[in-house]
Amino acid sequence: MSKKPWDGRFSEKTDRTVESFTSSIAFDRRLYLYDIEGSIAHCRMLAEQSIITQEDASQIIEGLGRIARDIERGEFELDESFEDIHMNIEARLTAEIGKVAQKLHTARSRNDQVVLDVRMYLRDEVTRILEGLTGLCQVLVDLAESHVDVIMPGYTHLQPAQPVLFSHHLMAYYEMFKRDRARFKGTLQRINVMPLGSAALAGTTYPIDVEHTAKLLAFPEVSANSLDAVSSRDFIMEFLATASICMVHMSRLSEELVLWSSAEFGFVEIPDAFATGSSIMPQKKNPDVPELVRGKAGRVFGNLIALLTVMKGLPLSYNRDMQEDKEPLFDTVDTLKGCIDVYAKLLPQLQVNRTAMQEAASKGYLNATDMADYLVTKGTAFRDAHHCVGEVVRYAMDQNKELQALSLNELKKFSQAFEKDVFEILTIEQVINRRVSAGGTAKKNVVAAIKEAKKTLKVEAAENEPDEGKENTPS
Ligand code: ARG
């Protein structure tokens with residue numbers, strides 16, 4: 001059992017059950033590099049402000065550097081009795097350099113330290129997620145471009161509605177992920193705030209220079225209120241909410257892949273390397289990857305709800321409940337990155353069955369709206385045109401024919417406004433290519449959208465390049 005930093009006031013040792021119950025080292029160990037980097041910056045600032053001597057600071061910084069290397073090499077056993085990563089590192093530092101280690105915690109508390117670590121961790125992870133999303137968007141745009149002409153049924157209520165280009169459908173997901181990216185970028189700004197100096201809750205009496213610490217750690221901003229800094233986790237909740245929305249998009253795409261790859265649709269085939277078989281039915285090829293992405297959306301939403309619930313009743317400022325922020329956060333980061341990764345690899349290998357898609361779009365009266373619109377151009381009011389074409393469709397169904405297979409004479413029985421030019425607008429290509437309204441599925445629109453997306457992605461890829469003056473974790 002370790003000696004506790006607070007034991008001056010305590011007459012009894014901590015119960016072992018309590019030690020393991022309160023310990024977070026099993027999961028907050030992933031913050032170790034950020035903890036060390038934050039401590040080094042804090043220590044530099046303390047020395048520059050003459051709060052500790054340069055000599056002490058050098059010893060501390062050197063010791064911390066050694067600890068980082070030891071952890072990386074797996075030569076540092078983390079100890080549960082030290083509760084969390086902060087105390088583990090401090091205890092190790094004391095073991096390495098002796099009493100001087102105890103000066104590091106001057107003008108600091110674990111309350112501002114932990115939130116600093118999480119902010120540093122999360123800004124790195126969000127940066128990676130942004131890169132991942134750019135990659136995923138690129139894959140979608142490439143797939144759209146290489147299948148720009150493929151026609152499929154568009155659906156509402158999962159009923160075939162009007163034909164659309166498969167590329168248009170893919171570009172709809174591009175738009176969703178593009179907005180997710182924008183949301184993550186916004187979240188990043190609110191993550192990127194330096195809380196150190198807030199100390200336990202009220203600030204500190206030492207003449208610290210938080211701007212300097214912020215600069216050393218590449219934070220563009222410093223927290224404005226010490227109580228808020230140590231007790232708010234909305235930057236994590238916002239991340240979890242943004243991740244949840246992104247997972248909704250992933251999950252909808254997954255659902256479509258599951259449907260499309262079914263025998264009934266047969267629109268796509270999932271590459272063998274990304275599918276699995278059945279242990280009992282030899283003929284089966286299952287879309288486990290999309291299914292799992294769809295399923296993992298559940299845990300990501302759960303993580304958001306977990307943290308919202310942890311936070312909702314807490315009085316200011318820090319409460320230990322907040323230690324419960326980490327597992328939902330880490331799990332969401334891992335899950336989201338995993339899903340983005342697997343789709344960035346699967347989608348380029350998706351086999352697209354152009355014939356099945358086009359066939360499905362060619363039957364079932366998906367050009368009925370166009371026939372009604374045609375009557376409108378000939379002077380019929382839209383409601384009347386709709387009714388008339390409804391009757392034509394019913395007749396065609398009885399005849400077991402598509403609309404374009406009816407003769408002009410047959411059509412004339414329903415409206416005298418029909419002329420032979422009606423057949424021109426009923427072809428599937430016309431049905432698609434006449435939809436030139438903004439954001440419509442006409443090929444020229446989709447080609448333009450792809451072009452625009454490629455431009456945007458180029459800019460994003462450049463933005464993702466390291467690095468806009470940001471120092472990263474210590475090497
Ligand atoms: N492990 C703690 C957490 O994650 C660190 C902060 C502890 N602060 C305290 N006053 N006990 O929240």
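What counts as what
The residue count restarts for each chain, going from 1 along the sequence in the order it is written. Where local features are concerned, this predicted model is filtered to residues with pLDDT of at least 70; where side-chain atom pairs are given and counted, the filter is 80 or more; whole-chain, interface and lining totals use all residues. Excluded from the side-chain calculation are hydrogens and water; included are all heavy atoms of the structure. We call a residue near a given molecule or strand whenever any one of its heavy atoms falls within 4 Å of it. Polar contacts here mean pairs of N or O atoms no more than 3.5 Å apart (in protein, one a potential hydrogen donor and the other a potential acceptor; neighbouring residues in sequence count only if both atoms are side-chain atoms). Computed with a 1.4 Å probe, the accessible areas rest on the Shrake-Rupley method; for each residue, only the protein chains presented here act as cover. By the convention adopted, Pro, Cys, Tyr, Trp, Phe, Met, Ile, Leu, Val and Ala count as nonpolar, Lys, Arg, Asp and Glu as charged, and the other residues, Gly among them, as polar. The helix count covers DSSP runs of H or I at least four residues long, the strand count covers runs of E at least two residues long, and both are numbered beginning at the N terminus. What makes a nonpolar core is a set of buried Ala, Val, Leu, Ile, Met, Phe, Trp, Tyr and Cys residues whose side-chain atoms join them at distances within 4.5 Å. Residue burial is assigned from relative accessible area. The probe radius is 1.4 Å, only protein chains are included, and a residue is buried under 20% of its type maximum, exposed over 50%, and partly exposed in between. Contacts between residues were defined by any pair of non-hydrogen atoms, one from each residue, lying within 4.5 Å. Each residue after the first adds 1.5 Å to the expected span of a helix. In this description, a line fitted to the C-alpha atoms serves as the axis of each element, helices being fitted only across the stretch in contact, and the angle between N-to-C directions of two axes falls anywhere from 0 to 180 degrees. Roughly parallel here means an angle under 35 degrees, roughly antiparallel means over 145, roughly perpendicular means 65 to 115, and every remaining angle is called oblique. It is the rotation of the near helix from the far one that decides the hand of a crossing: anticlockwise by less than a right angle makes it left-handed, clockwise makes it right-handed. What pLDDT expresses is the predictor's confidence in each residue, scored from 0 to 100. Planes of paired rings set the category: under 30 degrees apart is stacked, over 60 is edge-to-face and the rest tilted, where pairs are Phe, Tyr or Trp rings (Trp by its six-membered ring) whose centres lie within 6.5 Å. Between Lys or Arg on one side and Asp or Glu on the other, a salt bridge is scored when a side-chain nitrogen of the former is within 4 Å of a carboxyl oxygen of the latter.

Some thoughts on the site of the ligand
- Taken together, Ser24, Asp84, His86, Arg110, Asn111, Val114, Tyr318, Gln323 and Lys326 make up the full set of residues near the ligand.
- The contact in question runs from a nitrogen atom of the ligand to an N or O atom on the side chain of serine 24, over 3.5 Å.
- Between glutamine 323 and the ligand, the recorded distance is 2.8 Å, taken from a side-chain N or O atom to a nitrogen atom.
- In isolation the ligand exposes 350 Å². Once the protein is present, 87% of that is buried.
- Here the residues of the shell around the ligand are counted per class, giving 2 nonpolar, 4 polar and 3 charged.

Some words on the environment of aspartate 56
- Turning to its location among the elements, aspartate 56 is positioned in helix H4 (residues 54-72).
- The sequence separation of aspartate 56 and isoleucine 97 amounts to 41 residues, and the corresponding C-alpha distance is 9.9 Å.

Re the nonpolar core
- Formed by 118 residues in total, the largest nonpolar core has its most connected members in Phe177, Phe184, Met250 and Leu329.
- Filtering out sequence-adjacent residues up to four positions away, phenylalanine 184 remains in contact with Val126, Ile129, Leu130, Leu133, Phe239, Thr242, Ala243, Cys246 and Leu336.

Thoughts on H4
- For H4, built from 19 residues, the straight-helix expectation of 27 Å at 1.5 Å per residue is met to within 8% by its first-to-last C-alpha distance of 27 Å.
- The complete set of buried residues in H4 reads Asp56, Ala57, Ile60, Ile61, Gly63, Leu64, Gly65, Ile67, Ala68, Asp70 and Ile71.
- Along its buried surface, H4 packs onto helix H3 (32-48) and helix H5 (85-97).
- At the exit of H4 stands glycine 74, carrying a positive phi of roughly 75 degrees.

Section: the packing of helix H10 (residues 234-260) against helix H11 (residues 288-311)
- Axis separation between H10 and H11 bottoms out at 8 Å; the angle between their running directions is 160 degrees. By the angle between their axes, H10 is roughly antiparallel relative to H11. In this structure, H10 meets H11 at a crossing whose hand is left-handed.

Thoughts on helix H14 (residues 368-377)
- All buried positions along H14 are accounted for by Ala368, Asp370, Met371, Ala372, Tyr374 and Leu375.
- Next to the buried residues of H14 lie helix H15 (382-399), helix H16 (408-412), helix H17 (422-426) and helix H18 (428-433).
- Positive phi appears at glycine 379, one or two residues downstream of H14, with a value of about 100 degrees.

Describing the environment of arginine 354
- You can see arginine 354 is positioned in helix H13 (residues 354-362).
- By relative accessible area, which is 44% here, arginine 354 ends up partly exposed.
- On a C-alpha basis, the gap between arginine 354 and valine 150 in space is 5.8 Å, while along the polypeptide they are 204 residues apart.
- Apart from residues no more than four positions distant in its own chain, arginine 354 is found in contact with Asp149 and Val150.

Describing the confidence of the model for the protein
- Per-residue confidence for the protein averages 95 on the pLDDT scale, and 97% of its residues sit at or above 70.
- Low pLDDT, under 50, characterises residues 469-475; the predicted model gives this stretch 17 contacts beyond four residues in sequence or across chains.

Comments concerning the side chain of arginine 92
- As for its position among the elements, arginine 92 is in helix H5.
- In terms of polar contacts, arginine 92 uses its side chain to reach the side chain of aspartate 70, at 3.0 Å.
- Those residues in contact with arginine 92 that lie beyond four places of it in its chain are Ile67, Asp70, Glu75 and Phe76.

Structural notes on the packing of helix H7 (residues 166-191) against helix H19 (residues 443-464)
- At a closest axis distance of 11 Å, the pairing of H7 and H19 adopts a crossing angle of 30 degrees. In terms of orientation, H7 and H19 fall into the roughly parallel class. In the crossing of H7 with H19, the sense of the turn from one axis to the other is left-handed. Here H7 contributes Ser167, His168, Met171, Tyr174, Arg181 and Lys185 to the contact with H19, which in turn contributes Val446, Ala449, Ile450, Ala453, Thr456, Leu457, Glu460, Glu463 and Asn464.
- Of the residues that constitute the contact of H7 with H19, the class distribution is 7 nonpolar, 4 polar and 4 charged.

As for the packing of aromatic side chains
- One pass over the full model with this rule turns up 8 aromatic pairs.
- Between phenylalanine 166 and tryptophan 260 the ring centres are 5.8 Å apart and the planes differ by 65 degrees, which places this aromatic pair in the edge-to-face class. One end of the pair, phenylalanine 166, is in helix H7; the other, tryptophan 260, is in helix H10, and 94 residues separate them in sequence.
- Assessed through its relative accessible area of 0%, phenylalanine 166 is described here as buried.
- The interplanar angle of 50 degrees and the centroid separation of 5.7 Å between the aromatic rings of phenylalanine 184 and phenylalanine 239 together place this pair among those described as tilted. With phenylalanine 184 in helix H7 and phenylalanine 239 in helix H10, the pair connects residues that are 55 residues apart, well separated along the chain.
- Residue class for phenylalanine 239 comes out buried when judged on its relative accessible area of 0%.
- By way of ring pairs, the aromatic residues Tyr34, Tyr121 and Phe330 are connected into one cluster.

Topic: the side chain of arginine 123
- Along the chain, arginine 123 turns up in helix H6 (residues 110-146).
- Here the side chain of arginine 123 touches asparagine 192 through a polar contact of 2.9 Å, side chain to side chain.

Focus: the pattern of salt bridges
- In total, this model carries 30 salt bridges according to the counting rule given.
- A salt bridge links arginine 110 to aspartate 84; its shortest N-O distance comes to 2.7 Å. Of the two residues, arginine 110 sits in helix H6 while aspartate 84 sits in the loop between H4 and H5, which places them 26 residues apart along the sequence.
- For arginine 110, a relative accessible area of 23% corresponds to the partly exposed category.
- For glutamate 125, the salt bridge identified is with lysine 337, shortest N-O distance 2.7 Å. Of the two residues, glutamate 125 is situated in helix H6 and lysine 337 in helix H12 (residues 326-346); the sequence distance between them amounts to 212 residues.
- One continuous salt-bridge network, built from bridges that share partners, spans Glu62, Arg66, Asp70, Arg92 and Glu96.

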